[in-house]
Structures are given as C-alpha cells and as structure tokens.
Amino acid sequence: LQKEPVKLRSSLANVETTLGSWKMIQEYRMSESAAEELGTQYYISRLYRNTVEPGWPILNLHVAYYTGQIDVVPHVPDRCMVAGGLVERSPEPTHYDLNVDQSDWREDPYHQIDGVPFQLGKARGLHEVRMPAGDIVVRTSEFLDPARPEERIFAGYFFIANGRLTPTPGGVRMLAFNPREKYAYYCKLQFMMKGAADFEVDDFIDVMSDAMNELLGEIMLCLPDWAEVQDGVLNNPTDT
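What counts as what
Residues numbered from 1 in each chain as written. Predicted model: local features only at pLDDT ≥ 70, side-chain atom pairs only at ≥ 80, totals over all residues. Heavy atoms only, no water. Helix = DSSP H or I, 4+ residues; strand = E, 2+ residues; numbered from the N terminus. Rg over C-alpha atoms; globule rule 2.2 N^0.38 Å. Contact = heavy atoms within 4.5 Å. Areas by Shrake-Rupley, 256 points an atom, 1.4 Å probe, with all protein chains shown as cover. Lys, Arg positive; Asp, Glu negative; His and termini not counted. Charge placed at Lys NZ, Arg CZ, Asp CG, Glu CD. Pairing = 2+ DSSP bridges. Axes fitted to C-alpha atoms, helices over the stretch in contact; angles between N-to-C directions. Buried < 20%, exposed > 50% of the residue type's maximum accessible area, 1.4 Å probe, protein only. Arc of directions from axis to C-beta. Salt bridge = Lys/Arg side-chain N within 4 Å of Asp/Glu carboxyl O. Polar contact = N/O pair within 3.5 Å; in protein donor to acceptor, adjacent residues only side chain to side chain.

A.B. asks: Pulling in residues and values, what's your account of the overall build of the chain?
C.D. replies: The helix and strand tally for the chain stands at five helices and 13 strands. A globule of 240 residues ought to have a C-alpha radius of gyration of about 18 Å, and the chain, at 18 Å, matches this closely. Its C-alpha atoms give the chain principal-axis dimensions of about 55 × 35 × 30 Å. In the chain, once contacts between residues fewer than 6 apart in sequence are set aside, the share between residues at least 24 apart is 71%. About 11,600 Å² of surface is accessible on the chain, with carbon and sulfur atoms providing 48% of the total. Across the chain, the 22 positively charged side chains and the 36 negatively charged ones have centroids separated by 5 Å.

A.B. asks: Describe the sheet that holds strand β8 (residues 116–123), with residues and values.
C.D. replies: Across the sheet, three strands lie side by side as β7-β8-β9; this open sheet has antiparallel pairing. Looking along the sheet, the strands with just one partner apiece sit at the ends: β7 (106–113) and β9 (127–131). Neighbour-to-neighbour, the strand axes of this sheet turn through a mean angle of 45 degrees, independent of strand direction. By the bridge criterion, four bridges tie β7 to β8 in an arrangement that is antiparallel. Across the sheet, Ile113 pairs through a bridge with Val116, a residue of β8. Relative to β9, helix α4 (residues 201–222) is tilted by about 85 degrees, and along the sheet it contacts β8 and β9.

A.B. asks: How would you summarise helix α3 (residues 169–176) if you had to cite specific residues and measurements?
C.D. replies: Those residues of α3 lying buried are Pro169, Gly171, Val172 and Ala176. Down the axis of α3, the buried side of the element spans an arc of 150 degrees, and every buried residue falls inside it. Of the surrounding secondary structure, the elements contacted by the buried residues of α3 are β11 (152–161), β12 (164–166) and β13 (185–195).

A.B. asks: I'd like a rundown of the side chain of Lys3, residues and numbers included.
C.D. replies: Looking at where Lys3 falls in the secondary structure, it is placed in the segment before β1 (18–19). For the buried residue Lys3, which engages in no salt bridge, the nearest side chain bearing the opposite charge is Glu181, 7.1 Å off. A distance of 2.6 Å separates a polar side-chain atom of Lys3 from the backbone oxygen of Asn178. Residue contacts for Lys3: discarding those within four places in its chain leaves Gly68, Gln69, Ala176, Phe177, Asn178, Pro179, Glu181, Lys182, Tyr183 and Ala184.

Have a look at this one:
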C-alpha cells in the first residue's frame, strides 16, 4: 500500500519553545543509528517544564512525522522503552481521554471530513487552524526503572493520521493506508513523565491535558492541512 507523500506545512522545529506556562528546558537529537531506527528525519524531542506548577514532573515530548512510506507499524513506547531497559508495570496499555478545552472551537463552514465539518481552533491565540477529527485519546502504560524503583514512570501516545486521531498503531494503518486515499501521513505524539511514588496515572493525564491545550494547535500548524490535501493544494513531497 504505497501512498504518495505530502509535505509538512512547517518544520516541527518551529513548534514554540514556550507554550503558555510550558517552557522548553532542553532539546536533543538522536544518534544517527537511533534516527535510522526511528525511520524519519522529521522529529523533535524536547523537555518542557511548567513554570506555573513547579511541582509537576518534567514533560518529555517526542513528535515524529512520517509520509511517503509503505504500510508500516509505528514505533511505540510499549516496545521501545522495554528494549531500553525499563520494565512494563501495566499488564497492557490503557486508553484515557484527554481534557482539551474546545470551547473556542467552531465548525468549518466549507470543509468536511468523513461527512462532518472540520473543527477550527486557535494556535498561539491568533492563527485559526483545522483540528484533527475524533476524540483525543491517549494510549498509556506505566514502567519501572530497576535502578530507581521508587519512581513512577508513565508514557502515553496518540497519532494524527490523514487529519484524524487514533490512539493505536492499528488505527494508523486503517486511517493513513486506506485504499481510497491517494496520499498518506501520520504523526506520533509521545509523552513521558517520571514522578514520585504518589504520582498516579490520573495526575499524568491531567498534566498531559494541560500541555495539549497549548501544543495541539502548534502541531497542526506544522502538519498538512487535510482539507487542502483533499482539494489538491498540498500534494508535494516533504521538503521541510
């Protein structure tokens, strides 16, 4: 199922380093071998700290963009974190809804996806941007670092694929590699936090929700506008 590539509208490197109360404290690039294993050169890996809630754990954010590839199974924490030496505490990943404020979103009067209007939200308080369709659900697991057993480590992720949301790799294959679609892209948003012994999964979801209120619009400014892809406006190979 080879699909045509579609370019990013803007490099992921243009995601703001200050997002509301979240401030980037470190950005890092993977080794050449790790980037090759990741399967894309279009990614960001950053650490953010919340300046209003200093007691919150540091947010480890990883965003990776894929296009122009044959049907693949995305890399996810379920496998790669265990390969990195952590032990999975969760018997299996669990899905949680993120509480993202949509009070200022409005229906797109001109463009639809899957028979319903796109939702228009705001990025940086100024730019109106089409948001991905579907519920914002994160696939979450807990891990243990044998060297620091007192820590609680949570990792979660979801995907944006062809303008739609899904929490699972299987969902990516259904959305991005739909035989009816000529073009395909998907973007993985992955989060990890390390907390004290009293840091619970509900705390992890609350912190992620707060971060996503600022981050989602930023990411959508970078990703292809699927309405424009459908209209044939954005259909060139990725060059950013």
